[in-house]
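Chain by chain, the residues:
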Amino acid sequence: MVIKFGTDGWRGVIAKDFTFKNVSQVALAHAEVLRRKNLKRVFVGYDNRFMSENFAREVATIFYSEGFEVNLSPKAVTTPLVSWAVKHKNFDGGVMITASHNPPVYNGYKIKEDFGGAATPEFIAQVESLIGKVTPRGLTGEGNLTEEDFTEEYINAVRREVNLDTFREKEIKVVHDPMYGSSAGYLRRALENTKVTVCEIHAYRDPLFGGRAPEPVEKNARTLMEKVRAEGAFCGIMNDGDGDRVALVDERGEFVNSQLVYAMLMLHLLENKGLRGAVVKTVSTTYLADRIAKHFGVEIIETPVGFKHINAVILQRDDVIFGGEESGGYGFPRFTPERDGLLSAL
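Residues numbered from 1 in each chain as written. Predicted model: local features only at pLDDT ≥ 70, side-chain atom pairs only at ≥ 80, totals over all residues. Heavy atoms only, no water.

*Asks:* How would you sum up the pattern of salt bridges? Please name residues and give values.
*Replies:* In this structure the tally under the stated criterion is 33 salt bridges. Residue Arg339 is joined to Asp8 by a salt bridge in which the shortest nitrogen-to-oxygen separation is 2.9 Å. With Arg339 in the loop between strand S15 (330-331) and helix H11 (341-345) and Asp8 in the segment before strand S1 (10-13), this residue pair connects regions lying 331 residues apart in the sequence. Close ionic contact of Arg137 with Glu32 constitutes a salt bridge, the shortest N to O distance being 3.8 Å. Placement of Arg137 in the loop between helix H4 (121-130) and strand S6 (144-146) and of Glu32 in helix H1 (residues 20-36) is noted, with a sequence separation of 105 residues between them. With relative accessibility at 47%, the residue Arg137 sits in the partly exposed group. (Salt bridge = Lys/Arg side-chain N within 4 Å of Asp/Glu carboxyl O. Helix = DSSP H or I, 4+ residues; strand = E, 2+ residues; numbered from the N terminus. Buried < 20%, exposed > 50% of the residue type's maximum accessible area, 1.4 Å probe, protein only.)

*Asks:* Account for the packing of H1 against helix H2 (residues 52-65), naming residues and giving values.
*Replies:* Interaxial distance between H1 and H2 falls to 9 Å at its minimum, and their mutual angle equals 40°. On the basis of their axis angle, the class for H1 and H2 is oblique. In this structure, the crossing between H1 and H2 has a hand that is right-handed. Residue-level contacts link Phe20, Val23, Ser24, Ala27, Leu28, His30, Ala31 and Leu34 of H1 to Asn54, Phe55, Glu58, Val59, Ile62 and Phe63 of H2. Here the residues of the contact of H1 with H2 sort into ten nonpolar, three polar and one charged. (Axes fitted to C-alpha atoms, helices over the stretch in contact; angles between N-to-C directions. Parallel < 35°, antiparallel > 145°, perpendicular 65-115°, else oblique. Left-handed = near helix turned anticlockwise from the far one by under 90°. Contact = heavy atoms within 4.5 Å. Nonpolar A, V, L, I, M, F, W, Y, C, P; charged D, E, K, R; others polar.)

*Asks:* Explain the state of the cysteines to me, and be specific about the residues and the numbers.
*Replies:* Overall, the coordinates contain zero disulfides when judged by the stated rule. A disulfide-free cysteine, Cys199 has its sulfur positioned 12 Å from the sulfur of Cys235, the nearest such atom. What makes Cys235 buried here is its relative accessible area of 11%. (Disulfide = S-S within 2.5 Å.)

*Asks:* Any chance you could break down the side chain of Asn220 for me, citing the residues and the numbers?
*Replies:* Examined against the element boundaries, Asn220 turns out to sit in the loop between strand S8 (196-200) and helix H7 (222-231). From its side chain, Asn220 meets the backbone oxygen of Glu215 in a polar contact 2.9 Å long. Apart from the residues within four sequence positions on either side, Asn220 is in contact with Met179, Arg212, Ala213, Glu215 and Met238. (Polar contact = N/O pair within 3.5 Å; in protein donor to acceptor, adjacent residues only side chain to side chain.)

Spelled out as C-alpha cells, the structure:
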C-alpha cells in the first residue's frame, strides 16, 4: 500500500492499514530523514487507543536499533505534552501514536520536529519518499532507550502560563470530559491547590471511546451538558482523544460554539493579558476575529484549513501570539507551536 500523511500525520485502520509492518516502515523512513540531518534524540509518546503502547514501543525499538537516543513515555500522554517535551527537553524530533479524534478503529503516526510543532510539508515529503526503501541497520547497542515520564513537568509548565490566583478567588465546580482519552486527570492536577473542584466523567481508558469518535463536538457532549446542569457547575470542559482540542459547555449546560471560544481566547490574550502581536486563523474561522483584531490594532493572518498552515506562519514569524481553527484547536506559540487542549481549557 501507499502510505500518505494527511493534515496532521498518517492514519489508518488498525490491522488493515495500521499494522506493525507498515508502522515499522514509516519509523525507518523517519529515522533515515533524521539521520541525514545529523539528528539523534527522539521522544515517543502514545494515547489510549487500542494497542497504542505496543505500536509506540515498536517505533522506539526501531529508532534505538538505528542508533538513536530514544525516550519512550512509560504511559499514555497527550499530543501537546509530546510537543512540549520535544521543544523544552531538547529532543531533535518526536513521534505521537494517535489518531486524535478519529473513530476507534483508527490509529496514527504524528511527527514532531525539533521546534515542537507538527512536521512541515517538506519534512513529511522526505519521509514519504523513503517509506519501504530503507534497510534496517541493526545498530542495537549504539543507541539508548530510556523511559522517562514528563507529565508532572508538563502540567507544571502549563500552570506557569496562567494566573492561578484567579482560581483561588472563589469556590467553583468544573466538569471535565476527556472522552476516555489521554488527557484524563490533567485538568484536575493543573487546578490542584486552588478553589476549583474538578468533577471528571469518562476519565478512564476505553479504546472504543464509548462507541464513538472522541471528537469534542456538540453531539458528543450530551452527557457533559447534563452533568454540568446536575452539578450546578461553573462550566464543562471537553478534550478530544489526544488532548489537543477543547470544547466548552457554559453554566446553563449549553454547548458553546467553537467559533465563540476562539473569539474569547483571542480577546483574553489581548484585553486581559495585554499581549500584542499577530493572530492567525483559518479561512473557516469566525469573522469576529477580524473585528477584534481591528479594535486592538493587531494583524490577523488567514490561512487554509488545517493547523499545519497556522504552524507554517508561526515558523516564519516570531510575533504570533495566538492561532486557532474552527474545530476547537487553539495554540499559543510562546508556549509551543501546537494546539493545546489543557492550556486552552485553563
